[in-house]
Amino acid sequence: MKRLLIFSILLIFKLSPAAGSDKNGKGFIFAGDVKSFSKFDDHLELKLDNALCNVYIAAPNIIRFRYTNQDEFSKAPSYSVLEQSLKTQFQFADSSKFYEIRTKELIVHISKSPCRISIYNLGMDLINEDEKAFGVSFDKTLFPDEQFYGLGEKTGSLNKRGNQYTMWNSDQPGYSPTEDPLYQSITFFIGIREFPGKSNEKTTRPESNKLKQAYGIFFDNTYKSYFNMGASNNRFYWFGAEKGEMDYYFIYGPEIKKVISSYSQLTGRIEMPPMWALGYQQSRWSYFPEPNVRNLAENFRNRNIPIDVIYLDIHYMDEYRVFTWNKERFPEPQKMLNDLSKEGFKIITIVDPGVKADSNYFAAKEGIAGNLFVKYPDGKFYNGEVWPSWSFFPDFTKKETREWWGEKNADLLKDGIAGIWNDMNEPAVWGQAFPDIVQFDFEGFGANHKRIHNVYALEMARATFEGIRKMFPEKRPFILTRAGFSGIQRYAAVWTGDNLANEDHLRMACTMVQGLGISGIPFAGSDVGGFMGIPTAGLYNRWIQLGAFSPFFRGHSAYNTIPHEPWAFGEDVESWARDIIKLRYRLLPFFYNEFYNASQTGLPVSRSMFLNFQNDDECYKWDSQYQFMIGDNLLVAPVLSEKENFKKLYLPEGKWFDWWTNKIYEGNQWIIIEVPQREIPLFIREGGIIPMQQEQNYVGEKKIEEFEVKIFPSGSSVYQLYEDDGITTNYKNGAFSLTKFKVDKNINSVEINVSKEKDGFDLGRKDYLFKVLDSALPERVSVNNNDLKSFKDLKSLNSAAEGFCYLKDEQTLVIKAADKKNLNISVR
Ligand code: GLC
């Protein structure tokens, strides 16, 4: 009886009261009292009545709790956590009722009878605890004010309180607004609670003396798992899995940003993507044959709509055999790729995991010979049906398979393919029921499908990433994936799967990308226009505007739908789409810098309002989830209904500059503004510094000699800009530059200081064009103490080497200055 899985029993009981037997007849077994304990330099080991419990002190704000009902802990690796042996110093005390662990940021009490965890900050605010009476590890007290965020790619409100979620990667074409689960399983969430502010602490809203504190929990278990965030009760929330260990990391903030950053320290961060992957990308199921692809490319260039990438969906292959070309449709693929590349296009091909079970097909033969596909317990290869009909499935939990797959994908790059699009990798099969008994190598430990399902895509993306990295160490791999598990951000960008062309999905495109960002996945986007169904021109217009401010920006549409290219919806929409895509390209240095920040901190590119304004209650309101910020200073309030002529949006504290009207608003208020169809509401926060560059049709088309910097001066503000060659991995060896912009506004002056903090890459920049917003007519403008000449309009300024001009109507001062190692600009 003791051998029964105590943790899963509790869960089974909760899911189906009839199932499972147990020793107390209540449907679950408590972990019990502490029987003995040992202390090591980085962890404690406790023996409980019915379980073993190890507590690892990984970092001052990260504690790992691990329980098993087996005789020992599993030695199998974690696919998510990069470094499992993190440790930090801690103090330990053994009092009669509990053990105490004290780090520089946390105090943990482990009560002895029954064994229960309570976690406090140093001020003894109770941040999180096991439900007192139940005494089992994963029933947590639900505090009345507690709110939850994260859990990755989920539908519904960003706030997850009151709902239950399942983690089981699922192919859900045309999912509903309440569908769960979807393609990704991110077993990480953030809890936010409110505490009375201490007198010496400042809140961002002075009228409130409450401070919100955040913690996160990452549950490192790949089996089907459940997260009940207070659905159907108001006493506790719980999480657990069908099998495996109760192995979770508690992460303390109190800043939400710090929780996300620490989570990404555990599970990894994005690497710098190639800059072209931030450009516009056009996809369709499918563009073929070759003349259609060439036509599409030509159309974009002729119509002067910037674009970097074209996707080839399943029809490029020979009867859906991966790593092949259909030679009737694409007789000379290399030539096509080469020609398109000269025009600045990168081509990405879809690569699904299913390998057609055809004994004459090289990939099938190699996989069989190398024993690289998954099998039934009797040793026969498993076959499931997908696009190619019956197919083998590579075992990505086996090193040899990953290497083989990596090479195959890298070969595509040799042919001139720029990136790889992984789809159907949940893994999806017709019938949606990949058999649980199918066996996987699991790095030699052996496991069945139940354990591997959720990490199949993660390991597939890893195989591709590592294969490309190995064959082309100088290249930055670009992979797009539909499915994933915690850690997927290390290898791939994520798109939100088969959405529908309707307003529900437009709204979901806004929230789901934020949800992914909160969950450590900054590089995400939706199929612009909606994958299935036919968008109206108005819907498409609003979607492409949202897309232009999504980290991943791709239009995609299903077979048998009408064309979805930017010109397919009439002249007005074409011109608005062109304008917004151009603006995205103008803003590429700004977006790129946010990707750099994400690679350093794990923070999202598209940030929910409450990340930047943690103590502002308004930022947690339902409506606030339909706006977000790029970085610290640009607020985006997309219009999410084609019928809307006005948008209600919230401006947090400070002043905000309306991008389109130049109007300045006071913050701390909801405003309603008119939203002409050609505009997506954008606001620069006071102190904001936004770098921009010249227009171009694709990344790298022109040498960027003139660099524009929009400044909304207020007090003292600083912005650091990262730049590199945008394409190679040389930045890893120091080939990048960091430029610091410091702006100080005083009563009668503005000082702009530009300095190179790191000069490892020659930017080839000639001039800066500073646009100082909210400016009065200056008397004098000088650069490094030399007075600049005043010009009457922009045109004459443009033709001069240096100078300034004041645009009265826009109250904007434009300063042109040659790039130097140090620039001191003074406006009086
Ligand atoms: C799946 C993908 C979709 C793709 C289609 C055909 O539905 O989610 O993006 O176009 O398969 O490959």
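Residues numbered from 1 in each chain as written. Predicted model: local features only at pLDDT ≥ 70, side-chain atom pairs only at ≥ 80, totals over all residues. Heavy atoms only, no water.

Attention shifts here to the overall build of the chain. Scanning the chain from terminus to terminus reveals 14 helices and 53 strands. Dimensions of the chain, computed from the C-alpha atoms along their principal axes, are close to 90 × 75 × 50 Å. Put simply, the chain has 828 residues, and 63% of those count as buried. When contacts within the chain are restricted to residue pairs at least 6 apart in sequence, those whose partners lie at least 24 apart make up 67%. Averaged over its 99 positive side-chain charges, the chain has a centre that lies 3 Å from the centre of its 106 negative ones. (Helix = DSSP H or I, 4+ residues; strand = E, 2+ residues; numbered from the N terminus. Buried < 20%, exposed > 50% of the residue type's maximum accessible area, 1.4 Å probe, protein only. Contact = heavy atoms within 4.5 Å. Lys, Arg positive; Asp, Glu negative; His and termini not counted. Charge placed at Lys NZ, Arg CZ, Asp CG, Glu CD.)

This next bit is on the side chain of Glu708. Relative to the assigned elements, Glu708 resides in strand β43 (residues 706-711). By relative accessible area, which is 8% here, Glu708 ends up buried. Polar side-chain contacts of Glu708 include one of 3.2 Å to the side chain of Arg586. In this structure Glu708 touches Arg586, Ile690, Pro691, Met692, Leu769 and Lys771, once residues within four positions along its chain are discounted. (Polar contact = N/O pair within 3.5 Å; in protein donor to acceptor, adjacent residues only side chain to side chain.)

Looking at the ligand, the residues that line it are Trp285, Asp313, Ile314, Ile350, Trp387, Trp421, Asp423, Arg482, Trp495, Asp498, Phe531 and His556. Contact distances for the ligand include 2.8 Å between an oxygen atom and a side-chain N or O atom of Arg482. For the ligand, an oxygen atom lies 2.5 Å from a polar atom in the side chain of Asp498. Starting from 310 Å² of accessible surface for the ligand in isolation, the protein chains cover 97%. Its residues assigned to classes, the shell around the ligand shows seven nonpolar, one polar and four charged. (Near = heavy atom within 4 Å. Areas by Shrake-Rupley, 256 points an atom, 1.4 Å probe, with all protein chains shown as cover. Nonpolar A, V, L, I, M, F, W, Y, C, P; charged D, E, K, R; others polar.)

A few words on the domain arrangement of the chain. How big an interface is tends to be stated in terms of the accessible area lost upon association of its parts. Looking at the chain, the domain boundaries give domain 1 (2-258), domain 2 (275-351 + 403-426 + 451-601) and domain 3 (703-827). Averaged C-alpha coordinates put domain 2 and domain 3 at centres separated by 34 Å. Between domain 2 and domain 3, the buried area comes to about 1200 Å², and carbon and sulfur atoms account for 48% of it. On the domain 2 side of the contact with domain 3, Arg476, Asn593 and Tyr596 bury the most area, a combined 44% of that side's loss. The interface formed by domain 2 and domain 3 holds three salt bridges in total. Close ionic contact of Asp725 with Arg476 constitutes a salt bridge, the shortest N to O distance being 3.4 Å. Scanning the region where domain 2 abuts domain 3 turns up 11 residue pairs in polar contact (both at pLDDT 80 or more). In terms of residue count, the dominant contributor to the side of domain 2 that touches domain 3 is helix α12 (residues 588-601) (five residues). Looking at the side of domain 2 that touches domain 3 residue by residue, the class counts come to seven nonpolar, one polar and five charged. (Domains from an automatic or database assignment. Buried area = accessible area lost by both parts, 1.4 Å probe. Salt bridge = Lys/Arg side-chain N within 4 Å of Asp/Glu carboxyl O.)

With that settled, the discussion passes to the side chain of Thr481. Relative to the helices and strands, Thr481 is located in strand β28 (residues 479-481). When its relative accessible area of 0% is taken as the criterion, Thr481 is described as buried. A polar contact is formed between the side chain of Thr481 and the backbone oxygen of Ala483, at a distance of 2.7 Å.

This paragraph deals with the sheet that holds strand β31 (residues 524-525). If you trace the nine strands from one edge of the open sheet to the other, you get β31-β30-β28-β25-β21-β20-β19-β33-β32, paired in parallel fashion. Each edge of the sheet is formed by a strand with only one pairing partner; in this case those strands are β31 and β32 (527-528). Looking at chain direction, strand β20 (residues 309-312) and strand β21 (residues 346-351) are connected through four bridges and run parallel. Residue pairing for β21: Val309 is matched across the bridge by Lys346. Its contacts with the sheet place helix α3 (residues 290-302) against β19 (281-282) and β20, and it is angled at close to 160 degrees to β20. (Pairing = 2+ DSSP bridges. Axes fitted to C-alpha atoms, helices over the stretch in contact; angles between N-to-C directions.)

Look at the link from Asp180 to Pro181: it is a cis peptide, with omega at -5 degrees. Counting through the fold element by element, Pro181 comes out in the loop between β12 (164-167) and β13 (184-185). Of note, the bond from Glu426 into Pro427 is cis; its omega dihedral lies within 30 degrees of zero at 0 degrees. Of note, Pro427 is situated in the loop between β25 (419-422) and β26 (439-440). In the Ramachandran plot, Gln432 falls in the positive-phi region, its phi being about 60 degrees despite a non-glycine side chain. Along the chain, Gln432 turns up in the loop between β25 and β26. Not every positive phi belongs to a glycine, and Asn668 is a case in point at roughly 65 degrees.

Moving on: the confidence of the model for the chain. Mean pLDDT over the chain works out to 94, with 95% of the residues at or above the 70 mark. Within the model, the stretch residues 1-21 combines pLDDT values under 50 with 54 contacts to residues more than four positions away or in other chains. Long-range and interchain partners of residues 202-207, a stretch whose pLDDT sits below 50, account for 14 contacts in this model, where long-range means more than four residues apart. (pLDDT = per-residue confidence, 0-100.)

On to helix α5 (residues 362-369), then. The set of residues buried in α5 consists of Ala363, Ala364 and Gly367. Down the axis of α5, the sector holding all buried residues measures 100 degrees, keeping them to one side. (Arc of directions from axis to C-beta.)

All right, on to the pairing of strand β38 (residues 655-658) then. As paired strands, β38 and strand β39 (residues 664-666) are joined by three bridges and run antiparallel to one another. For Phe657, the partnering residue across the bridge sits in β39 and is Ile664. The hairpin formed by β38 and β39 contains five residues between the paired strands, and Asn662 there has a positive phi angle of roughly 65 degrees. Direction of pairing for β38 relative to strand β41 (residues 682-685): antiparallel, over a ladder of three bridges. Across the sheet, residue Asp658 finds its bridge partner in β41, namely Phe683.

Moving on to the nonpolar core. Core analysis: the biggest nonpolar cluster contains 210 residues, and Trp405, Phe478, Phe549, Ile752, Phe770 and Ile815 have the highest contact counts within it. If you look at the next biggest cluster of nonpolar residues, it comprises 43 residues, including Tyr99, Ile101, Phe138 and Leu151. (Core = buried A, V, L, I, M, F, W, Y, C linked by side-chain atoms within 4.5 Å.)

A separate point is the state of the cysteines. With the rule as written, the count across this model stands at zero disulfides. The thiol sulfur of Cys510 is not disulfide-bonded, and the nearest other cysteine sulfur, from Cys619, lies at 14 Å. Accessibility expressed as a relative area gives 2% for Cys510, which makes it buried. (Disulfide = S-S within 2.5 Å.)

On to the packing of α3 against helix α4 (residues 333-342), then. Contact pair α3 / α4: the axes reach a minimum separation of 11 Å and the direction vectors enclose 5 degrees. Between α3 and α4, the angle falls in the class roughly parallel. Of the residues in α4, those touching α3 at Glu290, Val293, Arg294 and Ala297 are Lys335, Met336, Asp339 and Leu340. Class assignment of the residues belonging to the contact of α3 with α4 gives a composition of four nonpolar, no polar and four charged. (Parallel < 35°, antiparallel > 145°, perpendicular 65-115°, else oblique.)

Per the stated rule, a full pass over the model turns up five cavities of 30 Å³ or more. Here the largest cavity defines a volume of roughly 140 Å³. Along its surface, the largest cavity is lined by 17 residues, and Glu271, Pro273, Pro477, Tyr491 and Ala492 are the ones closest to its centre. Its residues placed into classes, the lining of the largest cavity shows 12 nonpolar, one polar and four charged. (1 Å grid on protein atoms, 1.4 Å probe; cavity = no way out; pocket = protein on both sides within 12 Å on 5 of 7 lines; lining within 4 Å. Points joined across faces, edges and corners; volume = space filled by probe spheres on them.)

A few words on the packing of aromatic side chains. Throughout the structure, instances matching the rule amount to 69 aromatic pairs. Plain terms: the ring middles of Phe373 and Phe392 are 4.7 Å apart, the flat faces sit at 5 degrees to each other, and that makes the pair stacked. Of this pair, Phe373 sits in the loop between α5 and β23 (384-386) while Phe392 sits in strand β24 (residues 389-392), and the two are 19 residues apart along the sequence. Accessibility assignment for this pair places Phe373 and Phe392 in one class, buried. (Phe/Tyr/Trp six-rings, centres within 6.5 Å; stacked < 30°, edge-to-face > 60°.)

The next subject is the pairing of strand β3 (residues 52-59). Across the eight residues of β3, eight count as buried, placing the element largely inside the fold. Pairing of strand β2 (residues 43-48) with β3, which is carried by five bridges, proceeds in the antiparallel orientation. Paired with Glu45 across the two strands is Asn54, which belongs to β3. With seven bridges connecting them, β3 and strand β4 (residues 62-68) associate as antiparallel partners.

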